[in-house]
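Observations on chain architecture
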Amino acid sequence: MKVIKTAFAATALAAAMTPALGMAQTELQFGHVGNPGSLFDASANEFARLANERLGDDYEVQVYGSSQLGGDNSMLQKLKLGQLTFTLPSSVMSSVVEEFGLFEMPYLIKDREHMKRVVEEVLEPDLYPLVEEEGYKVLAVWENGFRQITNNVRPINTPEDLDGLKLRTPKGKWRVSMFEEYGANPSPMALSEVFTALQTGTMDGQENPLVQIYSQKFQEVQDYLSLTGHVYTPAYVVVSKNHWEDLPEEVRDILEETAQEVQDFVYETAARQDEELLGKMEEAGMQINEADKQAFIDASGPVYELFGEEVEGGSDLIDRALELGQAE
């Protein structure tokens, strides 16, 4: 009976993903956790706009943001079940493939041009195959951004200012390790739960790129914004390896090429938003300070060492990424 049910489910899924003559468009769902106005929202909508211009009448990308289809872990599971076509995980990828913890290392990525080189020379040849072993496929690398700290206790100038601070982090082992090293009390939590945690005082603070901070309205429940720029987090356009192959080749080609083409839009939009949002947060009443980044860099060595010890090939990944940051 189990074999019959499995065969039936596979047949039903294949039928759902292959539109018959005269049938309505097949919806390709793109789920993400970003709110309206976020970089995730702008990126996914631009992808859908361009893809739908090229797909013709049989397929249509529909975007579902604001965690409508679940948190990152839930949506990754839905990919494998064929209930979702695309999602846009960021930090959580280190929970799928531990080598993605490379992008949890503090002050590793200097700027977006550096990130482009790391995509071409580290991510694509070395990490993409590891993702496929876990049943996923990365179509393109977009952005979450350079992360800053907000809180309701005091400005953060050095790691010592984080001592004892209850700080929400994403669900990634290395972010937790980093903030423990800095002296904070980090707690992983889904993004959709953070506003309430800050509002009620369950958490003193959190860390995110400016556009996530603003689009999640954290400026309404946080007093201090400290520009630490401690981690640059990519975001990954991810599909299920198996269910992706159920789509016609010409459809896959359009979607993959469009996802990669949107990368430039993502980087340009992110840079513009970073400039615009500081003023808006100051207008909202936040006290903004530039942190002593060198003090944070000096305190980060143990995190690099731990990654090198615990992740096979971790030290080599770090060295290669850092070297690419020195390229002209």
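The structure this text deals with has already been given above.
A brief look at the structure comes next. (Residues numbered from 1 in each chain as written. Predicted model: local features only at pLDDT ≥ 70, side-chain atom pairs only at ≥ 80, totals over all residues. Heavy atoms only, no water.)

Another point: the pairing of strand 9 (residues 232–240). Of all nine residues making up strand 9, nine are buried, and the element is well covered by its neighbours. Judged by which residues are buried, strand 9 turns out to be covered on both faces: Tyr-232, Pro-234, Tyr-236, Val-238 and Ser-240 on one side and Thr-233, Ala-235, Val-237 and Val-239 on the other are all buried. Note: strand 4 (residues 136–151) against strand 9, nine bridges, orientation antiparallel. Bridge assignment links Tyr-136 to a residue of strand 9, and that residue is Ser-240. (Buried < 20%, exposed > 50% of the residue type's maximum accessible area, 1.4 Å probe, protein only. Helix = DSSP H or I, 4+ residues; strand = E, 2+ residues; numbered from the N terminus. Pairing = 2+ DSSP bridges.)

A surface patch of like charges, here negative, comprises Glu-120, Glu-121, Glu-124, Asp-319 and Glu-323. If you list the elements that add at least two residues to the negative patch, you get helix 5 (112–133) and helix 13 (314–324). Ranked by the residues each element gives to the negative patch, the list is headed by helix 5, at three residues. On the secondary structure map, Glu-120 appears in helix 5. Residue classification places Glu-120 among the exposed positions, given a relative accessible area of 54%. (Patch = residues over 30% accessible without salt bridge, like charges linked within 9 Å, V, L, I, M, F, W, Y side chains within 5 Å. Areas by Shrake-Rupley, 256 points an atom, 1.4 Å probe, with all protein chains shown as cover. Salt bridge = Lys/Arg side-chain N within 4 Å of Asp/Glu carboxyl O. Lys, Arg positive; Asp, Glu negative; His and termini not counted. Charge placed at Lys NZ, Arg CZ, Asp CG, Glu CD.)

Our next topic: the environment of Ile-109. Checked against the element boundaries, Ile-109 lands in the loop between helix 4 (93–96) and helix 5. Ile-109 sits 17 residues away from Asp-126 along the chain, and the two C-alpha atoms are 17 Å apart. Ile-109 has contacts with Phe-103, His-114, Met-115, Val-118, Phe-146 and Tyr-232, leaving out every residue within four places of it along the chain. (Contact = heavy atoms within 4.5 Å.)

On to unusual backbone geometry. Located in the positive-phi region is Ser-67, a residue other than glycine, with phi close to 60°. Positionally, Ser-67 belongs in the loop between strand 2 (59–64) and helix 3 (72–81). Judged by relative accessible area, which is 17%, Ser-67 ranks as buried. For Tyr-107, which is not glycine, the phi torsion reads 60° and is therefore positive. Following the sequence through the fold, Tyr-107 ends up in the loop between helix 4 and helix 5.

Structurally, Ala-140 can be placed in strand 4. Judged by relative accessible area, Ala-140 falls into the buried class, the value being 4%. Through-space distance from the C-alpha of Ala-140 to that of Phe-218 is 29 Å; in sequence the pair is 78 residues apart. Residues contacting Ala-140, with those up to four places away along its chain left out, are Tyr-128, Ala-235, Tyr-236, Val-237, Ala-259 and Gln-260.

Let's shift gears to the packing of aromatic side chains. Throughout the structure, instances matching the rule amount to ten aromatic pairs. Ring centres 5.1 Å apart and planes at 85° place the aromatic pair Phe-100 and Tyr-236 in the edge-to-face group. Of this pair, Phe-100 sits in the loop between helix 4 and helix 5 while Tyr-236 sits in strand 9, and the two are 136 residues apart along the sequence. Summarising the aromatic geometry, the rings of Phe-146 and Tyr-232 are spaced 4.7 Å apart at their centres and angled 55° between planes, so their arrangement reads as tilted. With Phe-146 in strand 4 and Tyr-232 in strand 9, the pair connects residues that are 86 residues apart, well separated along the chain. Take Tyr-232: its relative accessible area is 4%, and that puts it in the buried class. (Phe/Tyr/Trp six-rings, centres within 6.5 Å; stacked < 30°, edge-to-face > 60°.)

Moving on, we get to the side chain of Gln-206. Structurally, Gln-206 is set in strand 7 (residues 205–209). When its relative accessible area of 0% is taken as the criterion, Gln-206 is described as buried. Within the local environment of Gln-206, its side chain forms a polar contact with the side chain of Thr-150, the two groups lying 2.8 Å apart. Engagement of the side chain of Gln-206 in a polar contact is seen with the side chain of Asn-208, the distance being 2.8 Å. Those residues in contact with Gln-206, other than ones at most four positions away along the chain, are Gln-148, Ile-149, Thr-150, Leu-167, Arg-168, Val-194, Leu-198, Ile-213, Phe-218 and Gln-222. (Polar contact = N/O pair within 3.5 Å; in protein donor to acceptor, adjacent residues only side chain to side chain.)

Within the structure shown, the criterion is met by 16 salt bridges. Of the charged contacts, one joins Glu-46 and Arg-49 as a salt bridge, the two residues approaching to 3.0 Å between their closest N and O atoms. One end of the pair, Glu-46, and the other, Arg-49, are both in helix 2 (residues 39–55), three residues apart, so they sit about a helical turn from each other. A relative accessible area of 41% places Arg-49 in the partly exposed class. The partner of Arg-320 in a salt bridge is Asp-126, with the nearest N and O atoms 2.5 Å apart. Of this pair, Arg-320 sits in helix 13 while Asp-126 sits in helix 5, and the two are 194 residues apart along the sequence. The exposure class of Asp-126 is partly exposed, given its relative accessible area of 29%. The network of salt bridges with shared partners includes Glu-104, Arg-147, Arg-175 and Glu-207.

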